[in-house]
Amino acid sequence: MTSLNHSDIRLYQRISAIEFSILRIGEYPIPSIIDIVNSIRLAKGNVFAEWKNSDTTKLFEDHGYKNKKESSGYFF
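Residues numbered from 1 in each chain as written. Predicted model: local features only at pLDDT ≥ 70, side-chain atom pairs only at ≥ 80, totals over all residues. Heavy atoms only, no water.

Re helix 2 (residues 30–41)
For step 1, the next point in the chain: Between its terminal C-alpha atoms helix 2 stretches 16 Å, which fits the 16 Å expected from 12 residues at 1.5 Å a residue.
For step 2, the next point in the chain: Of the residues making up helix 2, those classed as buried are I36, V37 and I40. Seen along its axis, helix 2 keeps its buried residues to an arc of 95°; they face one direction.
For step 3, the next point in the chain: As for helix 2, its buried residues are in contact with helix 1 (6–25) and helix 3 (49–52). (Helix = DSSP H or I, 4+ residues; strand = E, 2+ residues; numbered from the N terminus. Expected span 1.5 Å × (residues − 1). Buried < 20%, exposed > 50% of the residue type's maximum accessible area, 1.4 Å probe, protein only. Arc of directions from axis to C-beta. Contact = heavy atoms within 4.5 Å.)

Remarks on a nonpolar patch on the surface
For step 1, the next point in the chain: The grouping of Y28, I30 and I34 at the surface amounts to a nonpolar patch, some 330 Å² of accessible area in total.
For step 2, the next point in the chain: Residue position: I30 is located in helix 2.
For step 3, the next point in the chain: Relative accessible area serves as the criterion here: at 46%, I30 is assigned to the partly exposed category. (Patch = residues over 30% accessible without salt bridge, like charges linked within 9 Å, V, L, I, M, F, W, Y side chains within 5 Å. Areas by Shrake-Rupley, 256 points an atom, 1.4 Å probe, with all protein chains shown as cover. Salt bridge = Lys/Arg side-chain N within 4 Å of Asp/Glu carboxyl O.)

Here we look at the environment of I18
For step 1, the next point in the chain: In this structure, I18 sits in helix 1.
For step 2, the next point in the chain: With 10 residues separating them in the primary sequence, I18 and Y28 have C-alpha atoms 7.8 Å apart.
For step 3, the next point in the chain: Residue contacts for I18: discarding those within four places in its chain leaves P29, S32, I33 and I36.

As for the confidence of the model for the protein chain
The predicted structure's coordinates, where accompanied by low pLDDT, should not be read in detail.
For step 1, the next point in the chain: Chain-level statistics for the protein chain give a pLDDT mean of 81 and a share of 79% at 70 or above.
For step 2, the next point in the chain: When mean pLDDT is compared element by element in the protein chain, helix 1 scores highest at 90, while helix 3 scores lowest at 84. (pLDDT = per-residue confidence, 0-100.)

Laid out in structure tokens, this is it:
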């Protein structure tokens, strides 16, 4: 078994907290999930290399879609 560094342990704790929240309230904490995905996606070096090289990572690429504030239906 390999030892985990501090950032791995922190990530594990954050994912566990999300899982517990889902089980407790039955809803997905979307902002927390986005934060975890961004942490993995933007990790420096060869960290999470398997995930970064998977087809899943393509789902999180910036495709350049932007809302224009002057467009109808823009609420913010």
